[in-house]
Amino acid sequence: MIVPAKTRPHRSCVDVFAEAEGYLELGMHAEAWESLTALPCNNVSHPRALRVRMFCAFQARHYRMAETLALMLCCASREVKAAAGVILHQLAAIYNLAGNQRQARSLAKAAIEADPRRESLIRNDPQFPPDFVERALR
């Protein structure tokens, strides 16, 4: 059972991040999101918090929120940008399948800019047409 954050004793931000990331790894997205409520106001926009929220939003199919958070994280550390690239790649595939090619290409380009290693993954992704990356990078 999860004790509401408001009734927990004061914990360090590092502890809150570790708890939220632990819940995220276990696939407990609602609990991960909730655990972040224990953060002080000056840490709610910390890249680690935004990364957890991005994955939670994506799993909850709040794609616009996940997209916004991923784009915000594109200027963070290499590890965080790589995580944003994963979500942007997946969102590009969703938009592509929905027929929104323009948005799909835009997100694919952002994914590649966030993590250049993502380019070969997108090129080899069967969800995209053969010339998709070339058109995205124009």
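The structure this text deals with has already been given above.
Quantities reported herein were computed from a predicted structural model and do not represent experimental measurements. (Residues numbered from 1 in each chain as written. Predicted model: local features only at pLDDT ≥ 70, side-chain atom pairs only at ≥ 80, totals over all residues. Heavy atoms only, no water.)

### Observations regarding the overall build of the protein
Here is step 1: Broken down by element type, the protein carries eight helices and zero strands.
Here is step 2: Each helix and strand of the protein, placed in order from N terminus to C terminus, yields the pattern α-α-α-α-α-α-α-α.
Here is step 3: Reported as C-alpha extents along the three principal axes, the dimensions of the protein are approximately 55 × 25 × 20 Å.
Here is step 4: Partitioning the contacts of the protein with sequence separation of at least 6, the portion at a separation of at least 24 is 53%.
Here is step 5: Carbon together with sulfur atoms contributes 56% to the accessible area of the protein, which is approximately 7900 Å² in total.
Here is step 6: Positive and negative side-chain charges of the protein, numbering 18 and 14 respectively, have mean locations separated by a distance of 5 Å. (Helix = DSSP H or I, 4+ residues; strand = E, 2+ residues; numbered from the N terminus. Contact = heavy atoms within 4.5 Å. Areas by Shrake-Rupley, 256 points an atom, 1.4 Å probe, with all protein chains shown as cover. Lys, Arg positive; Asp, Glu negative; His and termini not counted. Charge placed at Lys NZ, Arg CZ, Asp CG, Glu CD.)

### Things to note about the packing of helix α5 (residues 78-97) against helix α6 (residues 101-114)
Here is step 1: With their axes 8 Å apart at the nearest point, α5 and α6 run at an angle of 165 degrees to one another. Relative to α6, α5 is oriented roughly antiparallel. Here α5 and α6 pass one another in a crossing that is left-handed. In this structure, α5 contributes K81, G85, L88, H89, L91, A92, Y95 and N96 to the contact, and α6 contributes Q101, Q103, A104, L107, A108, A110, A111 and A114.
Here is step 2: Grouping the amino acids of the contact of α5 with α6 by side-chain chemistry returns 10 nonpolar, five polar and one charged. (Axes fitted to C-alpha atoms, helices over the stretch in contact; angles between N-to-C directions. Parallel < 35°, antiparallel > 145°, perpendicular 65-115°, else oblique. Left-handed = near helix turned anticlockwise from the far one by under 90°. Nonpolar A, V, L, I, M, F, W, Y, C, P; charged D, E, K, R; others polar.)

### Notes on the pattern of salt bridges
Here is step 1: The final tally for this structure, using the stated rule, is four salt bridges.
Here is step 2: In this structure, R123 and E119 form a salt bridge, with 2.7 Å as the shortest nitrogen-oxygen distance. Here R123 and its partner E119 are both found in helix α7 (residues 118-123), four residues apart, which amounts to about one turn of the helix.
Here is step 3: Measuring nitrogen to oxygen at the nearest pair gives 2.3 Å for the salt bridge that ties R123 to E134. Of this pair, R123 sits in helix α7 while E134 sits in helix α8 (residues 132-136); the two residues are 11 residues apart in sequence, bridging distant segments of the chain.
Here is step 4: Residue class for R123 comes out partly exposed when judged on its relative accessible area of 39%.
Here is step 5: Here the salt bridges do not stand alone but share partners, grouping E119, R123 and E134 into one network. (Salt bridge = Lys/Arg side-chain N within 4 Å of Asp/Glu carboxyl O. Buried < 20%, exposed > 50% of the residue type's maximum accessible area, 1.4 Å probe, protein only.)

### A word on the nonpolar core
Here is step 1: In terms of nonpolar packing, the biggest core is built from 41 residues, with L36, L39, V52, M54, I87 and I122 touching the most fellow members.
Here is step 2: Going through the elements one at a time, α1 (13-25), α3 (47-59), α4 (63-72), α5, α6 and α8 are the ones with two or more residues in this core.
Here is step 3: If one sorts the elements of this core by residue count, α5 sits on top with nine residues.
Here is step 4: The residues touching M54, leaving out its near neighbours within four places in the chain, are A66, L69, A70, L73, A83, A84 and I87. (Core = buried A, V, L, I, M, F, W, Y, C linked by side-chain atoms within 4.5 Å.)

### Some points on unusual backbone geometry
Here is step 1: In this structure, R61 is a non-glycine residue whose phi angle is positive, near 65 degrees.
Here is step 2: Its place among the elements puts R61 in the loop between α3 and α4.
Here is step 3: Given the relative accessible area of 65%, R61 is considered exposed.

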